[in-house]
Amino acid sequence: MNSLFRAERSLFLALLAAASMLLLLGCGSDGGPSRAFEGTIDTLPSGRVVVSNPGEGMWREGETWQVTEQIRIGRLEGDGPDVFGSVGLLEVDEAGRFYVFERQAQELRVFDAEGNYVRTVGRKGSGPGEFSQVIGMDWAPDGSLWLVDPANNRI
């Protein structure tokens, strides 16, 4: 797989994840009556879950969903911290900064609320401030960003 294809795929996945989060955030309720889910959820003997949706959507008359790009992080070509090989995790802080964990490089890249690169935290390795196999990222109660790295036996 060539590096341009990987970068395009990673950028697409990052944009898809961001769009999905924005869509979910925009799916609030105005307190009006809502319909119950009318589809079916079945579990096959193999354990696979099959969800069937009805032909008619659950939104009210006149409501439609629309996905609108708010911000774009990354480029398809070139060098630099805004070209990704494999986006693994994404978090956003209260100031709107994006924290993107780049799996291929094993580093955390920080972008401001406008999508501009701010800095890189860490690098690949097993020493202090280095990452080997980050599988999770979440906010600590004190506002610190925790990364779970089982290969280095630490958070």
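Further up the page is the structure itself.
Residues numbered from 1 in each chain as written. Predicted model: local features only at pLDDT ≥ 70, side-chain atom pairs only at ≥ 80, totals over all residues. Heavy atoms only, no water.

Asks: What is the right way to read the nonpolar core from this model?
Replies: Soluble globular proteins tend to pack their nonpolar side chains together in the buried interior. Of all hydrophobic cores here, the largest spans 9 residues; its members are L89, Y99, F101, L108, V110, F131, V134, M137 and L147. When contributions to this core are tallied by element, the ones reaching two or more residues are strand 4 (98-102) and strand 5 (107-111). L147 has contacts with F101, L108, F131, V134, G136, M137, R154 and I155, leaving out every residue within four places of it along the chain. Listed in part, the 5 residues of the second largest apolar core include I73, F98, V100 and F111. (Core = buried A, V, L, I, M, F, W, Y, C linked by side-chain atoms within 4.5 Å. Buried < 20%, exposed > 50% of the residue type's maximum accessible area, 1.4 Å probe, protein only. Helix = DSSP H or I, 4+ residues; strand = E, 2+ residues; numbered from the N terminus. Contact = heavy atoms within 4.5 Å.)

Asks: For this particular structure, what's the right way to read the pairing of strand 1 (residues 40-43)?
Replies: Within a regular beta strand, the side chains point alternately toward one face of the sheet and then the other, so they alternate between its two faces. When strand 1 meets strand 2 (residues 49-52), the two strands line up antiparallel, connected through 4 bridges. When the sheet's bridge partners are listed, I41 is paired in strand 2 with V51. Once strand 1 ends, the chain turns through 5 residues before running back antiparallel as strand 2, passing G47 with a positive phi of about 100°. (Pairing = 2+ DSSP bridges.)

Asks: How do you make sense of the packing of aromatic side chains when you look at a structure like this?
Replies: What characterises a pair of aromatic rings is the spacing of the ring centres plus the angle enclosed by the ring planes. On inspection of all chains with the given rule, the structure shows 4 aromatic pairs. A centroid spacing of 5.5 Å and a plane angle of 85° characterise the contact between F101 and F131, whose relative ring orientation is edge-to-face. Of this pair, F101 sits in strand 4 while F131 sits in strand 8 (residues 130-131), and the two are 30 residues apart along the sequence. Members of the aromatic cluster, joined through ring pairs, are F84, F111 and Y117. (Phe/Tyr/Trp six-rings, centres within 6.5 Å; stacked < 30°, edge-to-face > 60°.)

The values are spatial; any link to function lies outside them.
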